[in-house]
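Secondary and tertiary structure notes
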Amino acid sequence: MEGSERPSKMRKISHDAAEVLETPKPLLGADLADEQTVHEGNANSQKSPSDGQNDEGNDPGSIGADLDEGVTSEANPMSKNQLKKLRKKQEWESKRDERKTIRKEKLIAKRLRKKDAYDKAIAEGGSIATPERKEIKQRAVQLPVTILIDCDFDDLMRDNERISLGGQITRSYSDNKGSTYRAHLTICSFLGKLRERFDGIMGGVYKNYRGTRFLEQDFVDVAEQAREWMGDVGGGDLKGAFEKYADSDHELLREQGEVVYLSSEAEDTLTELKPYSTYIIGGLVDKNREKGICYKRATQRGLRTAKLPIGDYLEMSSRKVLATNHVNEIMLKWLECGDWGDAFMKVIPKRKGGKLRSGGQPSEGSECESDAETCDAAAPVAIVAE
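This text gives an overview of the structure that appears in the document. What you are looking at is a predicted structure, and each value in this text was computed from that prediction instead of being measured. (Residues numbered from 1 in each chain as written. Predicted model: local features only at pLDDT ≥ 70, side-chain atom pairs only at ≥ 80, totals over all residues. Heavy atoms only, no water.)

1. Focus on the pattern of salt bridges
Using the following cut-off: The salt bridge criterion pairs a side-chain nitrogen of Lys or Arg with a carboxyl oxygen of Asp or Glu, the two atoms within 4 Å. Exposed residues in this analysis have more than 50% of their type's maximum accessible area, buried residues have under 20%, and partly exposed residues fall in between, with area computed by a 1.4 Å probe over protein chains only.
Applying the stated rule across the entire model yields 18 salt bridges. Across the pair Lys95 and Glu91 runs a salt bridge whose closest N-O atoms are separated by 3.3 Å. For Lys95, a relative accessible area of 36% gives the class partly exposed. Here Glu93 makes a salt bridge to Arg96, at a shortest N to O gap of 2.6 Å. When salt bridges with common partners are traced through the structure, they connect Asp150, Asp152 and Arg297 into a single cluster.

2. What about the environment of His326?
Note the threshold: By definition, any uninterrupted DSSP run of H or I lasting at least four residues is a helix, any uninterrupted run of E lasting at least two residues is a strand, and each is numbered from the N terminus. Contact between two residues is taken to exist if any of their heavy atoms lie within 4.5 Å; hydrogens are not considered.
Structurally, His326 is set in helix H12 (residues 324-337). When near neighbours in sequence (up to four residues on either side) are disregarded, His326 contacts Val347 and Pro349.

3. Digging into the packing of helix H6 (residues 159-178) against helix H7 (residues 192-199)
Quick note on the threshold: Lines fitted to C-alpha atoms define the axes, with helix axes restricted to the stretch in contact, and inter-axis angles between N-to-C directions lie between 0 and 180 degrees. Whether a crossing is left-handed or right-handed is set by the direction in which the near helix is turned from the far one by less than a right angle, anticlockwise for left-handed and clockwise for right-handed.
Contact geometry for H6 and H7: axes closest at 10 Å, N-to-C directions at 60°. H6 and H7 meet at a crossing whose hand is right-handed. On H7, the residues touching Arg162, Ile163, Leu165, Gly166, Ile169 and Thr170 of H6 are Lys193, Leu194, Arg197 and Phe198.

4. Examining the nonpolar core
To keep it simple, the criterion reads: What we call a nonpolar core is a set of buried Ala, Val, Leu, Ile, Met, Phe, Trp, Tyr and Cys residues that are connected through their side-chain atoms within 4.5 Å.
Phe242, Leu273 and Leu335 are the most contacted members of the largest nonpolar core, which totals 67 residues. The residues touching Leu335, leaving out its near neighbours within four places in the chain, are Leu143, Val145, Tyr181, Ala183, Gly240, Ala241, Phe242 and Leu273.

5. Thoughts on helix H10 (residues 293-300)
To be explicit about the condition: Relevant arc is that of directions from the helix axis to the C-beta atoms, nothing else.
Listed as buried for H10 are Cys294, Arg297 and Ala298. Down the axis, H10 shows its buried residues gathered within 95° of arc, on one side only. Elements that come into contact with the buried residues of H10 comprise strand E3 (141-150), helix H8 (219-231), strand E6 (259-262), strand E7 (277-282) and strand E8 (304-306). Two residues or fewer past H10, Gly302 is found with a positive phi of approximately 75°.

6. Quick look at the packing of aromatic side chains
As a reminder, the rule being used: Ring pairs shown here join Phe, Tyr and Trp side chains whose ring centres sit within 6.5 Å, with only the six-membered ring taken for Trp; geometry is labelled stacked below 30 degrees between planes, edge-to-face above 60, and tilted in between. A ring has a charge above it when a Lys NZ or an Arg CZ is no more than 6 Å from the ring centre and no more than 35 degrees off the ring normal.
Using the criterion set out here, one finds 13 aromatic pairs in the structure. Ring geometry for Phe198 against Tyr206: centres 5.8 Å apart, planes inclined by 85°, an arrangement best described as edge-to-face. An angle of 70° between the planes, with centres 6.3 Å apart, marks the rings of Phe242 and Tyr245 as edge-to-face. Across the pair, Tyr245 and Phe242 agree in class, each one buried. Pairwise contacts between aromatic rings join Tyr173, Phe190, Phe198, Tyr206, Tyr209 and Phe214 into one cluster. Sitting over the ring of Trp92, Arg99 keeps its end group 3.5 Å from the ring centre.

7. What to know about the sheet that holds E7
As a reminder, the rule being used: Here, any two strands with at least 2 DSSP bridges between them count as paired.
As summarised here, the arrangement of the six strands in space is E5-E4-E3-E7-E6-E8, forming an open sheet in which the pairing is parallel. Lying at the two open borders of the sheet, with one neighbouring strand each, are strand E5 (212-214) and E8. Recorded for the sheet is a direction-independent mean angle of 25° between the axes of neighbouring strands. Sitting on the sheet, H8 touches E3, strand E4 (181-188), E5, E6 and E7, and the angle it makes with E3 is about 175°.

8. Details of H8
Note the following rule: In this analysis, the expected span of each helix is defined as 1.5 Å times one less than the number of residues it contains.
Its 13 residues give H8 an end-to-end C-alpha distance of 18 Å, which sits within 8% of 18 Å, the value for a rise of 1.5 Å per residue. For H8, every residue scored as buried is listed here: Phe219, Val222, Ala223, Ala226, Trp229 and Met230. Of the surrounding elements, those touching the buried residues of H8 are E3, E4, E5, E6, E7 and H10.

By themselves, these figures tell us nothing about what the structure is for.
And the structure:
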């Protein structure tokens with residue numbers, strides 16, 4: 001084509017567009033083959049949706065087809081960072097059985113090492129160190145009081161916040177199970193993506209939690225149910241901090257039982273826990289985006305609100321946060337000793353810098369703030385003192 005002249009260009013007569021059109025160039029040799037290839041590629045890309053569905057399941061080398069679909073979807077494209085996180089999550093879940101096998105192998109190896117050391121000591125005639133006897137723990141006592149975690153905030157949390165809340169609920173169960181004096185721990189409004197996480201990734205182990213209820217009803221309906229199970233046989237004994245009520249009229253105590261929603265915006269301060277009562281903690285991890293939502297929910301439903309008396313007992317050096325499980329554990333410690341100051345000091349992490357006030361009296365003008373990492377009812381309740 002060295003001798004051929006370059007095709008001349010033609011301009012459109014209309015001035016609406018400033019595009020320059022080029023006269024068709026004859027297709028020769030390889031150019032013609034390329035053109036055919038382009039047409040074939042276009043024809044293949046215009047397959048019907050049914051054909052695409054049939055081919056999708058026949059690709060053995062595809063990994064995370066749903067992830068790839070999310071990347072190519074024009075309606076909901078995924079960033080590389082999101083794709084990386086999802087693939088990492090998928091890889092973690094695929095190796096669940098492998099991790100379980102490794103843990104079992106390590107446990108067996110540990111037992112074998114102990115056995116070999118024991119046999120070697122016997123063969124050499126040496127002395128065998130006997131482990132110290134553990135202190136016999138007092139048998140757990142069920143008390144007639146309910147701690148209710150309200151999880152009706154599923155649509156207000158991000159995925160990582162739901163993960164955090166799930167861990168806090170699990171820790172709350174563990175603390176209540178290991179406590180000397182147990183409360184009726186209950187999770188209400190157990191729906192949405194939080195429940196999907198418990199049923200899916202967490203393997204539904206919550207179904208085996210003894211002494212803990214997971215209910216779909218909201219906090220008002222569950223609080224009414226709590227009156228029934230606390231008053232039934234096995235609902236609890238008046239022990240621990242409730243021992244002072246042992247000689248009181250139980251029927252009168254049941255009638256005097258209260259329902260309190262913990263909130264930092266509340267004017268009242270919770271001075272003590274009462275038998276046959278329900279104390280509600282808002283299960284919301286939101287980094288303080290929805291400040292005051294628990295207080296609004298409680299007042300709209302006609303429930304009493306109150307805040308824990310941390311400001312009356314502790315001096316906080318900086319802005320601190322208490323998680324939902326921290327509030328739960330504080331109340332469990334109070335049920336054991338009946339002293340807020342002791343309960344706060346045992347539960348609040350040392351790194352938060354809380355110091356017990358002399359005489360347990362608040363100083364004028366003192367106020368501690370919160371980031372509300374967990375919820376309006378958990379962190380701010382325990383931190384803000386007015």
